[in-house]
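Residue-level structural notes
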Amino acid sequence: MDGALEVIDGDLNNPKTPMPMIRMIGVSKAFAGADGPVDVLRNLSLTVEKGDIFGIIGRSGAGKSTLVRCINMLERPTSGWVIVGGEDLTSLPPADLRRSRRRIGMIFQHFNLLSSRTVFDNVALPLEVIGGIGRHEIRRRVTPLLDLVGLADKRDQYPAQLSGGQKQRVGIARALASDPSVLICDEATSALDPETTKSILALLADINKRLNITIVIVSHEMQVIKELANNVAVLDRGEIVEEGTVYDLFAGAKTDVTCTLLRDIASRELPEAIRERVTAEQEPDGQPVLRITFRGPAANNPVLFELVREFAAPLNILHGHIDYIQGKPLGILTVAVGGGASHAAAIISRLNGYGLRGEFLGYVAARDLSAA
Ligand SMILES: Nc1ncnc2c1ncn2[C@@H]1O[C@H](COP(=O)(O)OP(=O)(O)O)[C@@H](O)[C@H]1O
Ligand SMILES: [Mg+2]
């Protein structure tokens, strides 16, 4: 306990380190199972800076929802500390916790709107729950929120009359009604089609910028994280296995879990027709297949030219793609190289020397190259 509080005090007293918006320190959560307690979060620590858009990604069942429910104390951690805006929520008495919780808005996959209430009345609900806010004041606060989410003309409609995207806009306006500093989005676009997902993510980015609200976005889809988040933590079995900027995650995933999640992003992958020709076993005419990730300043060097010159090996380009992540280019090029496996290893180590990343994917038969 002393250790954690020292860290908190340190932040408050040191003007050079601005206080993070959210800090989880050594958080564990166990649920009672049939055969004893089941550990869902294991000694997990993370920091979300003020104004950030922080992504949490992981497979279904990894513990993502439990993690964010611990941020607003919908779930109480079994152990550890949760500090939001400098306040240790784990030690607050119930009345103070209710007040502090209003600083944390949340939106959900299935919107959780009340079907018997109009759009306006759904957004007004959190203000009614707080109590002591007059009708005039409620209207003064709800009307601009409906404008912000683009639903001013739907204020008197009922949820059943709205599309999924419009329902989520109501959810967002309702989450903003109590003027939060943090907005938690738990699979907020998972029930929406890709076009609607894009428009909701754009709205969230706009809200982050305009209102300077810190956003924590949970998803099992890498595309969502890529489009919206700046920083990301990969959760697996209740532990953070990888963490950093979204760009770095895409440029250099370190764990199998992350690589599997990245596979969902089609642009990174070889087209099916080529992928099925890449094999683990080398046939007599097989050529190594390498994936080269171009990132950072080294991406501007004439690397391919250098490789061909140095190794005197033909390079066959199988697939190439340039992605823009947080506005920065990230190139991924898949090539077959002549000259066998030892050649491939030498090329990979040379790529690393250039500050680039080379990965060995398998072999492709030379006869398939001409067919492809
Ligand atoms: N209230 C609960 N009681 C018992 N087990 C739970 C409860 N909530 C979640 N779990 C279990 O915790 C694990 C993680 O769940 P969850 O946090 O919902 O994961 P995710 O959101 O990543 O899919 C799952 O195995 C789930 O069954
Ligand atoms: Mg979940």
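Calculation rules
- Residues numbered from 1 in each chain as written.
- Chains lettered and ligands numbered in written order.
- Predicted model: local features only at pLDDT ≥ 70, side-chain atom pairs only at ≥ 80, totals over all residues.
- Heavy atoms only, no water.
- Helix = DSSP H or I, 4+ residues; strand = E, 2+ residues; numbered from the N terminus.
- Buried < 20%, exposed > 50% of the residue type's maximum accessible area, 1.4 Å probe, protein only.
- Lys, Arg positive; Asp, Glu negative; His and termini not counted.
- Salt bridge = Lys/Arg side-chain N within 4 Å of Asp/Glu carboxyl O.
- Contact = heavy atoms within 4.5 Å.
- Axes fitted to C-alpha atoms, helices over the stretch in contact; angles between N-to-C directions.
- Parallel < 35°, antiparallel > 145°, perpendicular 65-115°, else oblique.
- Left-handed = near helix turned anticlockwise from the far one by under 90°.
- Nonpolar A, V, L, I, M, F, W, Y, C, P; charged D, E, K, R; others polar.
- Near = heavy atom within 4 Å.
- Polar contact = N/O pair within 3.5 Å; in protein donor to acceptor, adjacent residues only side chain to side chain.
- Areas by Shrake-Rupley, 256 points an atom, 1.4 Å probe, with all protein chains shown as cover.
- Pairing = 2+ DSSP bridges.

1. A look at the side chain of Lys64
Along the polypeptide, Lys64 turns up in helix H2 (residues 64-71). At 4.2 Å, Glu187 is the nearest oppositely charged side chain to Lys64, a buried residue that forms no salt bridge. Contacts of Lys64, omitting those with residues within four sequence positions, involve Ile56, Ile57, Gly58, Arg59, Glu187, Val218, Ser219, His220 and Leu235.

2. A short note on the packing of helix H12 (residues 303-311) against helix H13 (residues 340-353)
Where H12 meets H13, the closest approach of the two axes is 11 Å, and the angle between their N-to-C directions is 140°. Between H12 and H13, the crossing angle belongs to the class labelled oblique. Crossing handedness for the pair H12 and H13: right-handed. Residues Val303, Leu307, Glu310 and Phe311 of H12 lie in contact with H13, whose contacting residues are His343, Ala346, Ile347, Arg350 and Leu351. Tallied by class, the residues present in the contact of H12 with H13 amount to 6 nonpolar, 1 polar and 2 charged.

3. Things to note about the packing of helix H4 (residues 119-130) against helix H6 (residues 164-176)
For the pair H4 and H6, interaxial distance at closest approach is 7 Å and the crossing angle is 30°. Comparing the axis directions of H4 and H6 gives the class roughly parallel. Seen along the crossing, H4 lies across H6 with a hand that is right-handed. On H6, the residues that touch Val119, Asn122, Val123 and Pro126 of H4 are Val170, Ala173 and Arg174.

4. Structural notes on the site of ligand 1
Taken together, Phe31, Val40, Arg59, Ser60, Gly61, Ala62, Gly63, Lys64, Ser65 and Thr66 form the complete shell of residues around ligand 1. The contact in question runs from an oxygen atom of ligand 1 to an N or O atom on the backbone of Gly61, over 2.7 Å. Side-chain polar atom of Lys64 to an oxygen atom of ligand 1: 2.8 Å apart, as the coordinates give it. Against a free-state accessible area of 560 Å², the protein chains account for coverage of 55% of ligand 1. With 3 residues, H2 is the single largest residue contributor to the shell around ligand 1. Looking at the shell around ligand 1 residue by residue, the class counts come to 3 nonpolar, 5 polar and 2 charged.

5. Considerations on the pairing of strand S3 (residues 53-57)
Counting buried residues in S3 gives 5 out of 5 residues, a clear majority hidden from the surface. Judged by which residues are buried, S3 turns out to be covered on both faces: Ile53, Gly55 and Ile57 on one side and Phe54 and Ile56 on the other are all buried. Direction of pairing for S3 relative to strand S9 (residues 231-236): parallel, over a ladder of 4 bridges. For Ile57, the partnering residue across the bridge sits in S9 and is Val234.

6. Considerations on the side chain of Lys154
Take Lys154: it is sitting in the loop between helix H5 (135-148) and H6. Overall, the relative accessible area of 18% leaves Lys154 in the buried class. With residues up to four places along the chain from it excluded, the contact list for Lys154 reads Val119, Leu162 and Gln166.

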